[in-house]
Amino acid sequence: MAKKQFKAESKRLLELMINSIYTNKEIFLRELVSNASDALDKRYYLSLTQPEHRVEKEDLKIRIERHPEERTLVIEDTGIGMTDKEMETNLGTIARSGSAEFREKLEKGEDNIDIIGQFGVGFYSAFMVAQKITVESRSAESDTAFRWTSTGQDGYTIEPSEKETAGTRITLWLKEDTEDEKYSEYLEEQKIRDLVKKYSDYVRYPIVMEVSKSIPDPSDKDNDIITVEDETLNSMIPLWKKNKNEISSEDYNEFYKSKFNDWQDPQKVIHYSVEGNLSYTALLFIPAKTPYDFYQADYKSGLQLYSKGVFILDKAKDLIPEAFRFVTGLIDSDDLNLNISREILQQDRQVKALASSVEKRIQRALEDMLKNEREEYEKFFENFGLNIKYDIYRSFGANAEKYRDLLLYRSSKDNEFVSLKEYKERMPEDQKYIWFASGSAIDEIEKMPALEKVRDKGYEILYFTDAVDEFVVSMMTEYDGVQFRSVSKGDLDLDTEEEKKEREEKAEQNKDMLSLMKEALDDKVREVRISSRLKDDPVVLVSDEGMSIEMEKVLSQNPENRGMMKAVKILEINPNHPVFSTLQKVFEQDQDKLKEYAGVLYDQACLIEGLPIDDPVEYARRIADLMIQATK
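Residues numbered from 1 in each chain as written. Predicted model: local features only at pLDDT ≥ 70, side-chain atom pairs only at ≥ 80, totals over all residues. Heavy atoms only, no water.

**With respect to unusual backbone geometry**
At step 1: With a phi close to 70 degrees, Met236 is a non-glycine residue in the positive phi region.
At step 2: Note on placement: Met236 falls in the loop between strand E8 (220–232) and helix H6 (249–259).
At step 3: Non-glycine residue Asp522 carries a positive phi angle of around 55 degrees.
At step 4: Within the fold, Asp522 resides in the loop between helix H16 (511–521) and strand E20 (527–530). (Helix = DSSP H or I, 4+ residues; strand = E, 2+ residues; numbered from the N terminus.)

What follows is the structure, encoded as C-alpha cells:
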C-alpha cells in the first residue's frame, strides 16, 4: 500500500489549516453534513432514473456517532459513495487555480480571510479538529469499497476495504484538548445537536444521532430510566419551501454559505414563487464579493435545478443570462421532467420560459436596489457591474436596451456614481451630447487637457475607467436619443459662430506652419490643427472619427493586435498658449528647428495620453538641447 502525496499547494493549505488559521472550527460539521447531503441527492436521483439502483427514500439518511472513549466522531451517509479513483480526485487535491495568491494572503495574516469555500476545501476543514481522518466509501454502482486515510501532513493512502452497503463513513480522531481549544466538546451530545440546528436544519434528509433520554421508572418514582435511542436532529424542510415569514436573515445566510461554499453572507437574497403555466420556486443570492476566479475561463456559473424537490443538475448555466452569471442559487419546479439532461435543457421550451422569467426577476430586483438602496447597489456594481458591461459588448448591443439603466459611472460631478438616466435628466438644455473621457484611473482622467473646454461649459463628464467602457457605448451609440461623445475625439462642436470664425482665420494664417509640422510628423498624425478644446495646455493628441486612442491602447495589450490597430490621430495646438508664439517665430527663422519642435510636442502629447513614444532617448536629448538653448 503505497502512500501518495498531496500536491504542493494542497499540502501548504493543509498546513495552514491545521495550524489554526481559521478560528471558527465548528464549521467542519456543516461542511461534512453538506457533502453527505449532496451524496444523498445523487443517490436518490440515480434511484429514480435507473431502476436497477432503486433505493427507498427512507433509507437515505446521515448518521452521526460519538465515541468519547475513543475520541472519535463519525459522520456516515447512505449516498452515492466513491470509487478509489473518485477518492483520489475528490480527496487528493484541495486547491484549484488561484490558490497561490490565497495562500500568500493567509501567510501575511490578512484579516477576514476564511479558507472554507475558497477552493472547495470543505472536507479538509475537518483537519482543524482531527489529527487523523479515515474515509470508507463504496460506490452505489460498485461492489468494492475503499478506505482513504490521512493525518493531513504526510500524504494519504487508499486501500480496499469492507463495506456492505453503498455510502460513505468518515471517522475523525479528534485532537487532544489544549488550554485554548477544547476539541472534546465536539463529542458532546448537546454541542452536536446545537451545531446541526444552527447550520444544517434545512438538509432534506434525516440527520440521526443516538441520544440519551430519561423516562420515569414505574417501579421507582424517585428515579428515572436512562435509555438510548435514535433522534432526528433536523427539521428536513428545505429552506426554499418554507414561508418567507418564517425565515430569518441568519437562516438565509447560513444556508447560502453552506450550500454554495462562500465564507461571507450574501449581499442580496431573492426568494420568490411563481404560479401559472410554469410554476417554480427560486432562491437566489448575489454574493457580497466578486469570486476570486469570476473572470477566469474555468469559472462555472449557473443555478442548481430541482424538480419536485429532487436534485437534477448543478451549475445549469442555461437558467441564467450571461449578464447575471454572478447570481447563484437554485430553482425548484414541479413542472419539469425529472429526466431532463443538459442537452435537453438547452432545447426545452419550458426551460427557456423559466430562464426568461428568472432573468426578469433578477433585473427587477437590481432596479429596485438601485432605486431604493442606492448605497447597496453601488457596492454591488463595484463588484459585478463590469460583467453587465461585458454582456452589452459581447451581444453587440443587442442587450443594451435591457441593461443600460443598470449601468453606473463615476463623473466630474463630485466624482460620484451616476446612471445614464440621472445624467440625462440633469443635462442643461443647450447640451447636445453625453460627454465621456477615458483613462486607466480617475485622477489621470481629470488631468487630461482635452477636458478643459467641456468642463468650462459646465457639462458633466462621465469617467470611463474600465477597458470595455468605450466599446460598450460604441455598441449603444446613444441613450434615449442623446449620442455619446468623447472629449478626445473629433470636433467637439462647442464653438460659437464667432469662435469658429476666429479659429478658421488663425488656421488660414498659420496653414504653412501647420503643414510643415504635419510633414515633420509624417504618418504619425493625419493633421496638425488649431485647437478649440484647449485652455491652459499647449498641445493635445485626439483621434478622428472611428477608433479612439483609448481603444487602441486596450487592443494593443493583446500581442496579436499590437501595431495592427491604430487610431487616426490629430495633433491640436493651443493658439492662445505662449508655445504657439514660439512656434511662429521658429517657423520664420529656422524651419528645421520647427520640425524638431513638432517631434517634441508630439511626444509630449503621447505621454499625456499614456502612449509609448518611438524613441525615448532621442526625446530626452531634444529636451536637454532645448534647456541648454534657453540659457544662451
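Moving on from the model shown.
**Digging into the sheet that holds strand E14 (residues 408–411)**
At step 1: Overall, mixed pairing links the six strands, which are arranged E15-E14-E17-E16-E19-E18 in an open sheet. The sheet terminates laterally at strand E15 (417–419) and strand E18 (478–479), the two strands that pair on one side only.
At step 2: Where strand E16 (residues 434–438) meets strand E19 (residues 482–486), three bridges bridge the pair, whose relative direction is parallel. Residue Phe436 lies in a different strand from E19, and its bridge partner there is Ser486. (Pairing = 2+ DSSP bridges.)

**Things to note about the pairing of strand E9 (residues 268–274)**
At step 1: Sheet topology places E9 next to strand E10 (residues 280–286); seven bridges connect them, and they run antiparallel. Following the sheet pairing, Val274 is matched in E10 by Tyr280.
At step 2: Hairpin connection of E9 to E10: five residues between the antiparallel strands, including Gly276 at a positive phi of 155 degrees.

**Quick look at the sheet that holds strand E22 (residues 569–573)**
What links the strands of a sheet is backbone hydrogen bonding, and the strands pair in either a parallel or an antiparallel sense.
At step 1: Pairing within the open sheet is mixed, and its three strands lie in the order E20-E22-E21. Only two strands of the sheet have a single neighbouring strand rather than two, namely E20 and strand E21 (539–543). The sheet shows a mean angle of 30 degrees between the axes of neighbouring strands, direction not considered.
At step 2: In terms of strand pairing, E20 meets E22 through four bridges, oriented parallel. The residue bridging Arg529 from the neighbouring strand is Glu572, located in E22. (Axes fitted to C-alpha atoms, helices over the stretch in contact; angles between N-to-C directions.)

**Some details on the confidence of the model for the chain**
At step 1: For the chain, the average pLDDT comes to 86, and 89% of its residues sit at 70 or higher.
At step 2: Note that residues 95–100 has pLDDT below 50 and, in this model, 18 contacts with residues that lie over four places away or in other chains. (pLDDT = per-residue confidence, 0-100. Contact = heavy atoms within 4.5 Å.)

**Let's talk about helix H2 (residues 27–49)**
One turn of an α-helix holds 3.6 residues; hence residues three or four places apart share an orientation.
At step 1: An ideal rise of 1.5 Å per residue puts 33 Å on 23 residues; H2 measures up with 34 Å between its terminal C-alpha atoms.
At step 2: Within H2, 17 of the 23 residues are buried, which leaves the element mostly enclosed by the surrounding structure. (Expected span 1.5 Å × (residues − 1). Buried < 20%, exposed > 50% of the residue type's maximum accessible area, 1.4 Å probe, protein only.)

**Here's the deal with the packing of aromatic side chains**
At step 1: Under the definition given, this model contains 30 aromatic pairs.
At step 2: Arranged with centres 5.2 Å apart and planes meeting at 85 degrees, the rings of Phe28 and Tyr186 form a pair that is edge-to-face. Placement of Phe28 in helix H2 and of Tyr186 in the loop between strand E6 (167–174) and helix H5 (189–200) is noted, with a sequence separation of 158 residues between them. Tyr186 carries the same exposure label as Phe28, and that label is buried.
At step 3: Aromatic rings pair up to connect Phe294, Tyr295, Tyr299, Phe324, Phe326, Tyr377, Phe380, Phe381, Phe384, Tyr390, Tyr403 and Phe417 into one cluster. (Phe/Tyr/Trp six-rings, centres within 6.5 Å; stacked < 30°, edge-to-face > 60°.)

**Remarks on the packing of helix H8 (residues 349–372) against helix H9 (residues 374–394)**
At step 1: The contact between H8 and H9 brings their axes to 6 Å, and the two run at 125 degrees. Taken together, the axes of H8 and H9 are oblique relative to one another. The chirality of how H8 crosses H9 is left-handed. Contacts from Leu366, Met369, Leu370 and Asn372 in H8 reach Arg374, Glu376, Tyr377 and Phe380 in H9. (Parallel < 35°, antiparallel > 145°, perpendicular 65-115°, else oblique. Left-handed = near helix turned anticlockwise from the far one by under 90°.)

**Side note on the environment of Lys182**
At step 1: Mapped onto the elements of the fold, Lys182 is located in the loop between E6 and H5.
At step 2: Under the relative-accessibility criterion, Lys182 is labelled partly exposed at 46%.
At step 3: C-alpha of Lys182 to C-alpha of Val129: the two residues are 53 residues apart in sequence and 9.5 Å apart in space.
At step 4: From its side chain, Lys182 meets the backbone oxygen of Thr178 in a polar contact 3.1 Å long. (Polar contact = N/O pair within 3.5 Å; in protein donor to acceptor, adjacent residues only side chain to side chain.)

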